[in-house]
Amino acid sequence: IYMGLFKKRRKSSPRKSTAQKFTGKKSPLLVVLDPNFENILRGVSLPRRRMSEETKTEQTVTEQPEEEPSSKKQKVDGEGYAMNINKAVDKEYEEKSFTEIADAPVAAIQGISDRGAEILEKYRVRTVRDLAEWKFAKWCEAITTLADTEEAGARAEGCMMNANKALDKEYETKSLNEIKDASLECIQGLTEEATEFLGSLRPKVDTVSKLGNWKFYHWAKSIVALAATENADFSSR
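These numbers come from a predicted model, not from an experiment.

Looking now at the overall build of the protein. What the protein contains, in helices and strands, is 13 helices and 0 strands. Each helix (α) and strand (β) of the protein, taken in turn from the N terminus, gives the series α-α-α-α-α-α-α-α-α-α-α-α-α. The buried share among the 237 residues of the protein stands at 26%. A separation threshold of at least 6 residues defines the contact pool for the protein, and within that pool the share at least 24 residues apart is 54%.

This part covers helix α11 (residues 192–200). Among the residues of α11, those classed as buried are Ala 194, Thr 195, Phe 197, Leu 198 and Gly 199. As for α11, its buried residues are in contact with α7 (114–121) and α12 (208–212).

All right, on to the side chain of Thr 195 then. By the secondary structure assignment, Thr 195 is in helix α11. Sequence-distant contacts of Thr 195, that is, excluding residues within four places in its chain, are made with Leu 184 and Leu 190.

Attention now moves to the nonpolar core. By size, the foremost hydrophobic cluster in this structure holds 46 residues, and its most contacted members are Leu 131, Trp 134, Ile 187, Leu 190, Leu 198, Leu 211 and Trp 214. For this core, the secondary-structure elements that each account for two or more residues are α6 (98–102), α7, α8 (128–132), α9 (135–147), α11, α12 and α13 (215–227). No other element matches the 6 residues that α13 contributes to this core. Discounting residues that sit within four places of it in the chain, Leu 211 has contacts with Trp 134, Phe 136, Ala 137, Cys 140, Leu 184, Leu 190, Leu 198, Val 205 and Tyr 217.

Reading the values: rules and limits
Residues numbered from 1 in each chain as written. Predicted model: local features only at pLDDT ≥ 70, side-chain atom pairs only at ≥ 80, totals over all residues. Heavy atoms only, no water. Helix = DSSP H or I, 4+ residues; strand = E, 2+ residues; numbered from the N terminus. Buried < 20%, exposed > 50% of the residue type's maximum accessible area, 1.4 Å probe, protein only. Contact = heavy atoms within 4.5 Å. Core = buried A, V, L, I, M, F, W, Y, C linked by side-chain atoms within 4.5 Å.

Below you can see the structure in the form of structure tokens.
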């Protein structure tokens, strides 16, 4: 009797998870809402969506080049340097390097006119570097410098010293001091046109010693000498 009071319960099957409910059959509603939902429930991995170009741009961090230290910048453009030769060169060459000036036309030297440059060109003096190596100026400089070492009337017997390739014949036997004070006509190879040009300069360059001490020649020679010491990147090596 007691047993009859209660109905026999049917064995209930274990509850299915949401994933299990839909792995057997498709749910039309879910398929419509999200066609991939069934795959998600089954644990199927889906391909990642491509990131839009805008998103990529936002997420990409552009690496900025490191800014050079101010001390290095200062060296690169010469800022902070005081060196200049403004009184020796024309205005347009004041910001140039020694190397650039050395290879510039000889008229870059302040005081050498276009006419003077034309005359010097006849002696293959086209650049400042050429003027620094001009043989006539070098000869006169050497004679003028060594004249101070000469002892009057004290030439040693059998001495072979001479400068015949630089002098006209009538001056070959003269002393260095005599040649130093002579006119430029005593220099072998200098034409009358060249001596007239040099004589027209202010101050005049009309003797061997004056050409040997000619400031334009010495400026050119000094520019070339310092050009060899110059670093284009302002490094200290």
